[in-house]
Amino acid sequence: MNSLAGKRIVLGVSGGIAAYKAVEICRRLVDAGAHVIPVLTKGATRFIGRTTFDALASEPVQMSLFDEDDPIPHTTLGQTADCVLVAPATARVIGAYAAGISSDLLTATLIATRAPVVICPAMHTEMWEHPAVIDNIATLVERGVHIVGPESGRLAGGDEGAGRLSSPADIVAAVGRALDAGGQLADMAGLSVVVTAGGTREPIDPVRYIGNRSSGKQGYAFAEEAASRGAKVTIVTTVERPDLAGATVVKVDTAQEMAAATAKAAKEADVVIMAAAVADFRPVDPAGVKLKKRDGVPAIELEPTPDILASLGASKPEGQTLVGFAAETCDVAGNAAAKLSGKGADYIVANDVTAENAGFAYDTNEVLVLASDGRTHPVGLRSKRQVAQAVLDMVVADRTSRADTQENK
Ligand code: CTP
């Protein structure tokens, strides 16, 4: 039986253009056997009619704090829910929830519940990056609320940027996980996780560098997933992306800088995820001034960079889980197995970077996870966030069974 079957899910929908996607979320939850009770804000009904939810959900839409049959609908909803999901969650709903203000049925239900809460923000980038919203999200994360997304992409009015509602599939999967975790979803709470993201840049001169195609998306997906599961996250990154609430961000450029920052952060880490694409070679002697065309084609001598994963593997503290990656263009399993043993990692997440819709810059990925005990686990094409979920599921399960074995000794 899946974890959604028979579960009472309050589906809160607030007033944003992404409200239309809540219809798909509702349908998917019902299809999975959940009992869905839609709670719409007044704003939501400007974007989507309540009739649609009345027809698809398990109960009619509720909107009012002052019901004729039930004098306290928010406490009834809050107390009987197995999970409260808000998708989309506007800046207003997030702010009210963080501040404990119950100005409508949805925010009152959020405050009245002890069930796990999954919040899926959707708003314009300027709003998502506003310090008030960042602080409110950080407050909610600290309280154990599951934040899903937002993703980057096309927004209302044709703008592009961070703030787009996560996909219905990702949201429904997150509700399943929140329920699986028995309400404390924080199955990584208390763990310190270091993630590296992006491709390093090795200077040739002050304006040019040797780089690679890494976008940092997979690394950020790991950081977001770990944070949403309660981990304390440090991201060592070469790319600028919207700050992840509650995470420590260390910005670096070169392999050398990434090696130093990662080694420092990894000392205290329970899990280290080397998702960055680190340059293997760098110019021996970068020019101090811009190389001029008139001086002819330069011969650039290269030298190897430090192998960060290999040195983390060689000095791994007891109990630390080390996850490496393998970007391959052929013999993925063979090359990845060599990296797993050669670099002393516990897992290698391998992908064929030439495959369609997978690897650099895509929002999706398809990987093969190799574990140091010989297990292999293929993860089919899905969002980078779902790939991160699958890998972290494996990491958490293995850490838990290791801890249980230690305890029983
Ligand atoms: N890596 C690292 N430091 C390097 C190069 C790679 O820490 N100087 C890490 C990457 O972050 C990744 C893993 O090692 O987790 C494998 O990286 P990949 O580029 O696939 O392999 P390489 O070790 O560079 O080997 P090759 O380029 O020959 O495939």
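This text goes with the structure placed above it.
Residues numbered from 1 in each chain as written. Predicted model: local features only at pLDDT ≥ 70, side-chain atom pairs only at ≥ 80, totals over all residues. Heavy atoms only, no water.

Draft legend 1. Fine view of the sheet that holds strand 11 (residues 232-237). One open sheet holds the 8 strands; their spatial order is 12-11-8-13-16-17-18-19, and the pairing between them is mixed. Both edges of this open sheet fall to strand 12 (248-251) and strand 19 (376-383), since each of them pairs with a single strand only. When strand polarity is set aside, the average angle formed by the axes of neighbouring strands in this sheet is 15 degrees. Two elements, strand 11 and strand 12, share 4 bridges in a ladder whose sense is parallel. Considered in strand 12, the bridge of Val-236 is made with Val-250. Across the sheet, helix 9 (residues 217-228) touches strand 8 (192-197), strand 11, strand 12, strand 13 (271-274), strand 16 (321-328) and strand 18 (364-371), and the angle it forms with strand 8 is around 165 degrees. Relative to strand 8, helix 10 (residues 255-266) is tilted by about 170 degrees, and along the sheet it contacts strand 8, strand 11, strand 12 and strand 13. (Pairing = 2+ DSSP bridges. Helix = DSSP H or I, 4+ residues; strand = E, 2+ residues; numbered from the N terminus. Axes fitted to C-alpha atoms, helices over the stretch in contact; angles between N-to-C directions. Contact = heavy atoms within 4.5 Å.)

Draft legend 2. Inspection of the site of the ligand at higher detail. If you check the shell around the ligand, you find 16 residues, and the closest are Ala-276, Leu-309, Phe-325, Lys-339 and Lys-343. Interatomic distance of 2.7 Å between a backbone N/O atom of Ala-276 and an oxygen atom of the ligand. Protein contacts shield 77% of the accessible area of the ligand, which totals 560 Å² for the unbound molecule. Elements with a minimum of two residues in the shell around the ligand: helix 11 (308-314), strand 16 and helix 12 (332-343). A total of 4 residues in the shell around the ligand trace back to one element, the largest contributor, which is strand 16. (Near = heavy atom within 4 Å. Polar contact = N/O pair within 3.5 Å; in protein donor to acceptor, adjacent residues only side chain to side chain. Areas by Shrake-Rupley, 256 points an atom, 1.4 Å probe, with all protein chains shown as cover.)

Draft legend 3. Geometry of the packing of helix 4 (residues 91-99) against helix 5 (residues 105-112). Two elements in contact, helix 4 and helix 5, have axes whose closest approach is 10 Å; the angle formed by their N-to-C orientations is 35 degrees. As helix 4 runs across helix 5, the sense of the crossing is right-handed. Along the contact surface, helix 4 presents Val-93, Ala-96 and Tyr-97, while helix 5 presents Leu-106, Thr-107, Leu-110 and Ile-111. Among the residues making up the contact of helix 4 with helix 5, the classes are represented as 6 nonpolar, 1 polar and no charged. (Left-handed = near helix turned anticlockwise from the far one by under 90°. Nonpolar A, V, L, I, M, F, W, Y, C, P; charged D, E, K, R; others polar.)

Draft legend 4. How the structure looks around the nonpolar core. The biggest cluster of nonpolar side chains holds 36 residues, and the ones touching the most others in it are Val-193, Val-233 and Ile-273. Every element with two or more residues in this core is listed here: strand 8, helix 9, strand 11, strand 13, strand 16, strand 17 (347-352), strand 18 and helix 13 (384-408). Ranked by the residues each element gives to this core, the list is headed by helix 13, at 8 residues. Sequence-distant contacts of Val-233, defined by excluding residues within four places in its chain, comprise Val-193, Ala-223, Ala-226, Ala-227, Ala-247 and Thr-248. Among the nonpolar cores identified, the runner-up in size contains 34 residues, and Leu-4, Leu-11, Ala-22 and Val-175 belong to it. (Core = buried A, V, L, I, M, F, W, Y, C linked by side-chain atoms within 4.5 Å. Buried < 20%, exposed > 50% of the residue type's maximum accessible area, 1.4 Å probe, protein only.)

Draft legend 5. View of the sheet that holds strand 2 (residues 35-40). Read across the sheet, 5 strands follow the order 2-1-3-4-5 without closing on themselves; strand pairing throughout is parallel. In the strand order of this sheet, the two ends are held by strand 2 and strand 5 (146-147), each with one partner. When strand 1 (residues 8-13) meets strand 2, the two strands line up parallel, connected through 6 bridges. Note that in strand 2 the partner of Val-13 across the bridge is Leu-40. Against the sheet, helix 4 engages strand 3 (83-89) and strand 4 (117-121), with an angle of about 145 degrees to strand 4.

Draft legend 6. Focus on unusual backbone geometry. Cis rather than trans, the peptide bond between Ala-87 and Pro-88 has omega equal to -5 degrees. Among the structural elements, Pro-88 can be located in strand 3. In this model, Gly-149 is joined to Pro-150 through a cis peptide bond whose omega is 5 degrees. Within the fold, Pro-150 resides in the loop between strand 5 and strand 6 (151-154). Unusually for a residue other than glycine, Asp-331 sits at a positive phi of about 40 degrees.

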